[in-house]
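Architecture and fold: a report
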Amino acid sequence: MFFNRLRNRAKTKNQNKAGTVVIIDSGSAGNKSSSFIRSEKKDLGEGMFMTYDLIRNGMGGTTLRNVFLHDSTAHEKYLIVDEKGDICNFPGVENEQEVLEYADCKLIYPYVQFVFNIYIFENGETIIDWLYQPDGRYWEDEDGFGGEDDVEVEFRARIDRKGRYLCKYYLKK
């Protein structure tokens, strides 16, 4: 029984052209929700990398959960997005009232439901892009029906090697 479990937990790695290593762990897939697709690792330069779980977002796309920033030189890791999709240590939004009016919403909740990306480190800092609300075409079917009049709301922020925010999130223009 024990050896069967070990054999079932065999991991395979594949690396795509973008430098993302895809880790498929057949032993843990049964323990995750049915929306789980795979775990991935992405090199961010300067001895930094991120790991995350890619999941279905329930709306025809994918998103990230359990996003960790790893510093391989200091042998430390920092949680950026938790298993529920909440952004950890959220610093807030610059000009929040203006953003609320632009997005036609009442609240900016720090939750990742669409795109969330951490870029390559330069001089100990990097940029995070977070798509809070896609434009209305996201909801269209292949025939163009079902679209909304939503405007795209994408935020950007900067973090350091320890995952500490260097600024509030601001509208990406």
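Because the structure is a prediction, the values reported are computed rather than measured. (Residues numbered from 1 in each chain as written. Predicted model: local features only at pLDDT ≥ 70, side-chain atom pairs only at ≥ 80, totals over all residues. Heavy atoms only, no water.)

The next point concerns the layout of surface pockets. Roughly 210 Å³ of volume is contained in the second largest pocket. Lining the second largest pocket are 14 residues, and of these Leu 54, Leu 64, Phe 114, Val 115 and Phe 116 sit closest to its centre. Put simply, the parts of the chain that give the lining of the second largest pocket at least two residues each are strand E4 (48-56), strand E5 (62-71) and strand E7 (116-118). Taken together, the residues that form the lining of the second largest pocket break down as nine nonpolar, four polar and one charged. (1 Å grid on protein atoms, 1.4 Å probe; cavity = no way out; pocket = protein on both sides within 12 Å on 5 of 7 lines; lining within 4 Å. Points joined across faces, edges and corners; volume = space filled by probe spheres on them. Helix = DSSP H or I, 4+ residues; strand = E, 2+ residues; numbered from the N terminus. Nonpolar A, V, L, I, M, F, W, Y, C, P; charged D, E, K, R; others polar.)

Turning our eyes to something else, we now look at the packing of aromatic side chains. Under the counting rule described, the total for this entry stands at eight aromatic pairs. Aromatic side chains Phe 90 and Trp 130 sit 5.8 Å apart centroid to centroid with 85 degrees between the ring planes, which places their arrangement in the edge-to-face category. Linking Phe 90 in the loop between strand E6 (76-81) and helix H3 (96-103) with Trp 130 in strand E8 (residues 125-133), this pair joins segments that are 40 residues apart in sequence. A residue is classified by how much of its surface remains accessible, and Trp 130, at 0% relative accessible area, is buried. Note on Tyr 165 and Tyr 169: the rings are 5.4 Å apart at their centroids and 50 degrees apart in plane angle, and the pair reads as tilted. A single burial state applies to Tyr 165 and to Tyr 169, both of which are buried. Among the aromatic residues, those joined into a cluster by ring pairs are Phe 90, Trp 130, Tyr 132, Phe 155, Tyr 165 and Tyr 169. (Phe/Tyr/Trp six-rings, centres within 6.5 Å; stacked < 30°, edge-to-face > 60°. Buried < 20%, exposed > 50% of the residue type's maximum accessible area, 1.4 Å probe, protein only.)

What follows covers the pairing of E4. When you tally the buried positions in E4, you get eight out of nine residues, the bulk of the element. Relative to E4, strand E3 (residues 36-45) runs antiparallel, the two sharing eight bridges. In the sheet register, Gly 45 faces E4, and the bridge partner there is Met 48. What sits between E3 and E4 in their antiparallel hairpin is a turn of two residues, with Glu 46 showing a positive phi close to 55 degrees. (Pairing = 2+ DSSP bridges.)

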